[in-house]
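# Residue-level structure breakdown
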Amino acid sequence: MKRLLLDIYYVWINELKVIFKDPAVILLFFIVPLAYPVLYSFIYNNETVHEVKVIFVDDSNSSLSREFKRKVDATADVKVIGYASDMEEAREALRRKEAYGIMYIPRDFSKDIHTQQQTKVSVYADMSSLLFYKAMILSATEVSLDMGADIRVVETGSGSQEEDATTRQTVENEWVPMYNPQNGFASFLVPAILILIIQQTMFLGIATIVGTHNDKKRFTIASHTAQGKNVGAIKLTIGKAFCYASLYMLISVWVLRVIPYIFKFPQIGDPLTIAAFLMPFLLSATFFTMTLSYFCSQREFGMMLFVFTSVIFIFISGISWPWTEIPTAIKAIAYIVPSTPGIHGFIKINTMGATLNDVWFEYIALWIQSGIYCITATIMYKWWIQNYDPEYKGMIRKRVE
């Protein structure tokens with residue numbers, strides 16, 4: 001046992017030397033995880049938009065349509081910048097980026113209301129940002145509900161103040177955004193991105209190390225002890241994994257605790273629970289990226305795989321699309337990647353205040369992934385030693401002779 005621990009420790013220390021001797025690996029392991037979350041959070045820091053520029057096309061030109069326009073303009077999220085005579089003129093304003101949306105009131109708007117028929121207002125949004133659409137559709141919906149309540153009061157005749165209030169709102173309701181008080185885009189998306197940043201930047205650094213060895217057809221000195229004895233694939237895998245995971249324990253404090261604090265993202269989880277959950281996540285992400293890195297025959301291949309996989313991993317994680325609506329086959333594929341249970345569990349703990357028992361499924365899934373990917377990484381390392389370690393080849397020759 002003592003010999004085993006000493007060999008693992010030797011691999012750990014020598015892998016640290018390999019990391020700190022390569023400027024590219026230092027950049028990917030330290031600078032990118034420190035700077036990328038700041039940049040990403042800063043881009044989405046303005047979680048809601050206000051005063052979105054909208055142009056109206058009013059074919060009704062009635063008192064009710066003018067009232068609708070005034071009330072929309074009075075909302076905090078929309079600013080009416082002008083009126084167009086037809087839809088083509090309004091579309092031209094969108095193409096020139098003078099406005100980001102069009103609200104069209106049909107000719108029969110007032111007539112339908114007075115004859116107790118349902119009418120409609122069409123909203124056209126510039127989808128270069130979903131926040132524009134959200135601001136416009138919510139403003140139009142709130143105004144339509146408010147005007148509809150006023151019209152019901154008028155149609156039922158003048159009653160007492162209490163009767164009019166009941167007619168206006170039969171069921172009292174209150175909008176309470178749970179776990180996202182600002183009702184913002186960043187508060188729901190960025191915490192998931194932070195977990196993916198940890199996994200993907202770890203992959204970039206490991207892939208650069210492996211790509212360098214593969215490209216130069218040589219093996220790292222960490223494969224041997226100080227006495228020159230080969231440590232074997234298992235101890236080599238565990239030693240390297242502990243090296244990478246220990247570095248990312250420190251990086252995770254910055255990414256998952258300091259960044260949300262700086263940008264005021266929801267953060268109500270217990271730090272000890274988060275730390276306990278991150279342990280299997282970091283191990284599974286490490287072994288997963290070590291396995292994946294063997295497909296990088298050159299230093300640059302890691303970046304190509306990073307770009308290709310990052311978008312796929314975030315989409316299949318169930319954050320940008322409801323998890324319940326994702327097909328079962330894709331869910332199964334998603335749980336091959338450590339970031340999927342990592343994202344689900346971290347958001348439940350950090351944003352929703354869940355305990356470790358509440359994320360037990362994700363927690364166990366990460367430990368299972370750690371075991372499976374440890375085996376696959378060991379197999380890949382054994383293959384690597386057999387192909388690139390000159391001392392191993394020398395020993396094989398002696399045995400054959």
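See the structure printed just above.
Residues numbered from 1 in each chain as written. Predicted model: local features only at pLDDT ≥ 70, side-chain atom pairs only at ≥ 80, totals over all residues. Heavy atoms only, no water.

## Describing the overall build of the chain
Helix and strand content of the chain: 15 helices and four strands. Evaluated residue by residue, the chain yields a buried proportion of 46% over its 401 residues. A total accessible area of about 21,400 Å² is found for the chain, and carbon and sulfur atoms account for 63% of it. (Helix = DSSP H or I, 4+ residues; strand = E, 2+ residues; numbered from the N terminus. Buried < 20%, exposed > 50% of the residue type's maximum accessible area, 1.4 Å probe, protein only. Areas by Shrake-Rupley, 256 points an atom, 1.4 Å probe, with all protein chains shown as cover.)

## Regarding the sheet that holds strand β3 (residues 101-105)
With mixed pairing, four strands are arranged side by side in an open sheet as β2-β1-β3-β4. A single partner strand is all that each edge strand has here, and the edge strands are β2 (78-84) and β4 (122-125). Across the sheet, the mean angle separating the axes of adjacent strands is 25° when strand polarity is ignored. Each of β1 (52-58), β2 and β3 touches helix α3 (residues 63-74); the most contacted strand, β2, lies at about 140° to it. Strand contacts of helix α4 (residues 87-95): β1, β2, β3 and β4, with the helix running at about 165° to β3, the strand carrying the most contacts. (Pairing = 2+ DSSP bridges. Axes fitted to C-alpha atoms, helices over the stretch in contact; angles between N-to-C directions. Contact = heavy atoms within 4.5 Å.)

## Some thoughts on the packing of helix α9 (residues 233-262) against helix α10 (residues 271-293)
Put simply, α9 and α10 touch, their axes get as near as 9 Å, and they point 135° apart. One finds that α9 runs oblique with respect to α10. Crossing handedness for the pair α9 and α10: right-handed. Side by side, α9 and α10 meet where T237, K240, A241, F242, Y244, A245, Y248, M249, S252, L256 and R257 of the first sit next to P271, I274, L278, L282, L283, T286, F287 and M290 of the second. Across the contact of α9 with α10, the residue classes break down as 14 nonpolar, three polar and two charged. (Parallel < 35°, antiparallel > 145°, perpendicular 65-115°, else oblique. Left-handed = near helix turned anticlockwise from the far one by under 90°. Nonpolar A, V, L, I, M, F, W, Y, C, P; charged D, E, K, R; others polar.)

## Side note on helix α11 (residues 301-316)
In this model α11 runs 23 Å from its N-terminal to its C-terminal C-alpha over 16 residues, within 8% of the 22 Å that 1.5 Å per residue would give. The principal kink in α11, of about 30°, is found at T309. Regarding α11, the residues found buried are G302, F306, T309, S310, F313, I314 and I316. Trailing α11 by a residue or two, G318 shows a phi angle of about 90°, which is positive. (Expected span 1.5 Å × (residues − 1). Bend = angle between axes of the 7 residues up to and from the residue.)

## Side note on the side chain of T201
Counting through the fold element by element, T201 comes out in helix α8 (residues 185-216). Once residues within four sequence positions are removed from consideration, T201 is found in contact with L28, F29, V32, P33 and Y248.

## Concerning a nonpolar patch on the surface
Taken together, M279, W360, I364, W367, I368 and I372 make up a surface patch of nonpolar side chains, about 570 Å² in accessible area. Broken down by element, the nonpolar patch gets its largest block of residues, five residues, from helix α14 (residues 360-388). Tracing the sequence through the fold places W367 in helix α14. The exposure class of W367 is partly exposed, given its relative accessible area of 34%. (Patch = residues over 30% accessible without salt bridge, like charges linked within 9 Å, V, L, I, M, F, W, Y side chains within 5 Å. Salt bridge = Lys/Arg side-chain N within 4 Å of Asp/Glu carboxyl O.)

## Examining the environment of V143
Note on placement: V143 falls in helix α6 (residues 130-155). Note on V143: relative accessible area 4%, which makes it buried. If we skip the residues at most four places from it in the chain, V143 touches F68, K71, V72 and T75.

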